[in-house]
Each structure stands twice: as C-alpha cells, then as structure tokens.
Amino acid sequence: MTEIRTPRLLLRRWTDDDLAPMAEINSDPEVMRWIGDGSVRDLAETAEDIERWEEEWDEEGFGLFAVELLASGELIGLTGLSLPGDLPEVLPDVQISWRLGAQFWGQGYASEAAQAVLEFALQDRGLDRVVAVNRLGDERSENVLGKLDMVLDRETKHPEYGFALNIHSIDLTEYEG
C-alpha cells in the first residue's frame, strides 16, 4: 500500500471510513467554489469519486491520496495525481491537485501534502513533468503553486464551463534545480 508521511500528515489510499468525512468536505460550498462548476457533492457522488480515484491508482500507479493528520488520524481532505480528463489539451501530462476541509486552510497542510506528492511524482513515479490546473481567482491555490515553484505555463478556458484557467508546470530539471 502506497503511503507518504510528512512531519504532520499521512497520505494514503482510501478506506470505507473516509466516505463520510470526505462527503462532508465535498458538501461545503466554500471548499467546492473553485472545483469543476462549483457544485457541492453528496454522499453518493463522493462514493463514486473515491471509487474512481482508487481505480486510477490501480490503472495508472498513481492517484489521489486521502490526507489525514498524524496527530489525530482525522481525514482533512485529499491531494495527489490524476489524468486531467476534463481538460484533454494538457494530456499526457499528469495533474497535481488538493482539496482540504475549510477548517484546515491557512495552516500549511496543502503545501506540505502537495510538496510530498510532487516529490513522489518526479522521484518515485519517474514523471518528467507535472501540471496544475488552477481557476483564475483562486488565490489560495496560487499561493500553494508558488511554494511548489510551479510556473505559469499558459492560460486557457475550461472546455465545458468557459471560465479562465491557468496551467502551471514544473519539470524534473526545474524541481531538482
């Protein structure tokens, strides 16, 4: 089982116990504001999401990790790698993303988890490049991207919803430099 430990977090595969707390995170309009069309997700939709994330792990050898606090074992959200199927123009690049419950914002957890995933992608999984797709105006995610030393690659529009997106990237040589 793939796990990553950071000083404060455990990044791991999903379990049945993660469904209710992740559904609670997904039901918060503030959390979901910058994700997809901004719609919240209910328990059934979250169950489908987790199933899809686990399938990606099995098929691709990477995926979205459940993120828990080491101190308490509490699930605080997700971070990880995925194929950006809703934005085919960036394929075959792999995307890094994160989503934490609002009560965990502003404490450095997203940056800590994402940095560990970036190392996992470029060192462990042998990817040459990782992208991040960020909706224009999502300043919290922009701050995380800056801490990851990801640079703006280009701007585009979401093919279905039409809003502006920034594509950030980092490659192995930039990461090692």
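Rules of the game
Residues numbered from 1 in each chain as written. Predicted model: local features only at pLDDT ≥ 70, side-chain atom pairs only at ≥ 80, totals over all residues. Heavy atoms only, no water. Helix = DSSP H or I, 4+ residues; strand = E, 2+ residues; numbered from the N terminus. Rg over C-alpha atoms; globule rule 2.2 N^0.38 Å. Buried < 20%, exposed > 50% of the residue type's maximum accessible area, 1.4 Å probe, protein only. Contact = heavy atoms within 4.5 Å. Areas by Shrake-Rupley, 256 points an atom, 1.4 Å probe, with all protein chains shown as cover. Lys, Arg positive; Asp, Glu negative; His and termini not counted. Charge placed at Lys NZ, Arg CZ, Asp CG, Glu CD. Pairing = 2+ DSSP bridges. Axes fitted to C-alpha atoms, helices over the stretch in contact; angles between N-to-C directions. Arc of directions from axis to C-beta. Polar contact = N/O pair within 3.5 Å; in protein donor to acceptor, adjacent residues only side chain to side chain. Core = buried A, V, L, I, M, F, W, Y, C linked by side-chain atoms within 4.5 Å. Right-handed = clockwise from strand over helix to strand, strands pointing away.

Can you tell me about the overall build of the protein chain, naming the residues and giving the values?
When its secondary structure is counted, the protein chain shows six helices and eight strands. Its C-alpha atoms give the protein chain a radius of gyration of 15 Å, within 12% of the compact-globule value 16 Å for 177 residues. Each principal axis of the C-alpha distribution contributes one length, and for the protein chain these read about 35 × 35 × 35 Å. Looking at the 177 residues of the protein chain, the share that counts as buried comes to 47%. Long-range contacts, defined as pairs at least 24 residues apart, comprise 61% of the intrachain contacts of the protein chain with a sequence gap of at least 6. For the protein chain, the computed accessible surface area is about 8900 Å², with 46% contributed by carbon and sulfur atoms. For the protein chain, the distance from the average site of its 15 positive side-chain charges to the average site of its 38 negative ones is 4 Å.

With reference to specific residues and values, describe the sheet that holds strand S8 (residues 164-171).
Sheet architecture is open: eight strands sit in the order S1-S2-S3-S4-S5-S6-S8-S7, paired in mixed fashion. Edge positions in the sheet fall to strand S1 (3-5) and strand S7 (151-157), since each has one partner strand and no second. Pairwise comparison of adjacent strand axes, ignoring direction, gives a mean angle of 25° for this sheet. Examined bridge by bridge, S1 and strand S2 (residues 9-12) share three bridges and lie antiparallel to one another. Within the sheet, the bridge partner assigned to Ile 4 lies in S2 and is Leu 11. Against the sheet, helix H1 (residues 19-26) touches strand S4 (75-82) and strand S5 (94-100), its axis set at about 85° to S4.

Give me the lowdown on H1, citing residues and values where you can.
Along H1, the residues classified as buried are Met 22, Ala 23, Ile 25 and Asn 26. Around the axis of H1, the buried residues are gathered within 155° of arc, so they sit on the same side. Opposite its buried face, H1 presents the exposed residues Ala 20 and Glu 24, each directed more than 90 degrees away. Contacts from the buried residues of H1 go to helix H2 (29-32), helix H3 (43-60), S4 and S5.

Before we move on, can you summarise the environment of Thr 156 with the specific residues and values?
Note on placement: Thr 156 falls in strand S7. By relative accessible area, Thr 156 is classed as buried at 15%. The residues contacting Thr 156, other than those within four sequence positions of it, are Leu 87, Glu 89, Phe 163, Ala 164, Leu 165 and Ile 167. Of note is the side chain of Thr 156, whose polar atom sits 2.8 Å from the side chain of Glu 89.

Can you tell me about the nonpolar core, naming the residues and giving the values?
With 33 residues, the main nonpolar core has Leu 11, Leu 81, Ile 96 and Val 130 as its most contacted residues. For this core, the elements supplying multiple residues, two or more each, are S2, strand S3 (64-69), S4, S5, helix H4 (109-124), strand S6 (129-135) and helix H5 (139-147). Among the elements that take part in this core, H4 stands out by supplying ten residues, more than any other. Aside from chain neighbours lying at most four places away, what touches Leu 81 is Glu 56, Phe 62, Gly 63, Leu 64, Val 94, Gln 95, Ile 96, Val 117, Phe 120, Ala 121, Leu 127 and Val 130. Counting eleven residues, the second-largest nonpolar core is a separate cluster that includes Trp 14, Ile 50, Leu 64 and Leu 78.

With reference to specific residues and values, describe the pairing of S6.
Among the seven residues of S6, five are classified as buried, and the element is accordingly described as predominantly covered. Sheet topology note: the S5/S6 ladder contains two bridges and is parallel. Bridge pairing links Gln 95 to Val 131 in S6. In this view, the connection linking S5 to its parallel neighbour S6 by way of H4 has right-handed handedness. In this sheet, S8 lies alongside S6 in antiparallel orientation, the contact comprising seven bridges. By the bridge assignment for S8, Arg 129 is matched with Asp 171.

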